[in-house]
Amino acid sequence: MDQHQITEILNRPTSQELLARDITRLAYVAGDGTPRSIPIAFTWTGSQIILCTSKNAPKLPSLRRNPQVALTIDTEVHPPKILLVRGRAELDEVDGIPEEFLQMNGTYGMTAEQRVEWEAEVRSLYHEGMVRIVITPTWAKLIDFETTLPSAVEELVRARAEREGA
């Protein structure tokens, strides 16, 4: 998939709605060779997806060994809207708390007082810094069940049309 196709998919209004959500599921291959899929907060920069984690997170050695990842961002309503993204994770160790971490965790319904307490706890807990996981999409697919379908369903629709047209 070329960059123009990826950009076109990610710029669609439904994709933009999904990229504005709080949680994605990150899939990667763990050190023992088995798959993992974990929920994690994220932020979209307009060209990259940023995740943040602690420097001792078990996923980091796995991502260093195999940086290929997949993300799923979806809704919980019918019909679901699903954005699938694949890319390569680049790890960026930072001192302090990345601004993206504060942004991605700022959308929850916290009062101003709760926010101050939360931020103090975060700064205390992650005093040695964090790791930014930067993912540049190399593939994307939007499934909205109105204009786009999963590829297997598209294939069944074509086969039915051929059957009924014959």
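Residues numbered from 1 in each chain as written. Predicted model: local features only at pLDDT ≥ 70, side-chain atom pairs only at ≥ 80, totals over all residues. Heavy atoms only, no water.

A. Region of the structure containing the overall build of the protein chain. Within the protein chain, the regular secondary structure consists of 6 helices and 7 strands. Across the protein chain, helices and strands are ordered from the amino to the carboxyl terminus as α-α-β-β-β-β-α-β-β-α-α-β-α. If you line up the protein chain on its principal axes, its C-alpha atoms span 70 × 40 × 30 Å. Among the 166 residues that make up the protein chain, the fraction classed as buried is 37%. For the protein chain, contacts bridging at least 24 residues in sequence account for 69% of all contacts bridging at least 6. With an accessible surface of roughly 9800 Å², the protein chain has 52% of that area assigned to carbon and sulfur atoms. Charged side chains of the protein chain number 18 positive and 24 negative; the gap between the two group centres comes to 6 Å. (Helix = DSSP H or I, 4+ residues; strand = E, 2+ residues; numbered from the N terminus. Buried < 20%, exposed > 50% of the residue type's maximum accessible area, 1.4 Å probe, protein only. Contact = heavy atoms within 4.5 Å. Areas by Shrake-Rupley, 256 points an atom, 1.4 Å probe, with all protein chains shown as cover. Lys, Arg positive; Asp, Glu negative; His and termini not counted. Charge placed at Lys NZ, Arg CZ, Asp CG, Glu CD.)

B. Spotlight on the sheet that holds strand E5 (residues 68–74). Within the open sheet, the 7 strands sit side by side as E2-E1-E5-E6-E7-E4-E3. Their pairing is antiparallel. In this open sheet, the two edge strands, each paired with only one partner strand, are strand E2 (35–41) and strand E3 (43–44). As paired strands, strand E1 (residues 23–29) and E2 are joined by 7 bridges and run antiparallel to one another. Bridging across to E2, Tyr 28 finds its partner in Arg 36. (Pairing = 2+ DSSP bridges.)

C. The arrangement of the packing of aromatic side chains in detail. A full pass over the atoms with the stated rule returns 2 aromatic pairs. Taking 5.7 Å as the distance between ring centres and 70° as the angle between the ring planes, the aromatic pair formed by Phe 101 and Tyr 126 counts as edge-to-face. Placement of the pair is Phe 101 in helix H4 (residues 99–104) and Tyr 126 in the loop between helix H5 (112–125) and strand E7 (130–143), with a sequence separation of 25 residues. What makes Phe 101 buried here is its relative accessible area of 9%. Linked through ring pairs, Phe 101, Trp 118 and Tyr 126 together constitute an aromatic cluster. Sitting above the plane of the Trp 139 ring, Arg 86 keeps its charged end 3.7 Å from the centroid. (Phe/Tyr/Trp six-rings, centres within 6.5 Å; stacked < 30°, edge-to-face > 60°. Lys NZ or Arg CZ within 6 Å of the ring centre and 35° of its normal.)

D. The arrangement of the pairing of E1 in detail. On E1, burial follows the alternation: Thr 24, Leu 26 and Tyr 28 on one face are buried, whereas Ile 23, Arg 25, Ala 27 and Val 29 on the facing-out side are not. Where E1 lies against E5, 3 bridges are found, and the strand directions are antiparallel. Each residue of the ladder has a partner; that of Ala 27, found in E5, is Ala 70.

E. Spotlight on the side chain of Ser 15. With respect to the helices, strands and loops of the structure, Ser 15 is situated in helix H2 (residues 13–19). Note on Ser 15: relative accessible area 0%, which makes it buried.

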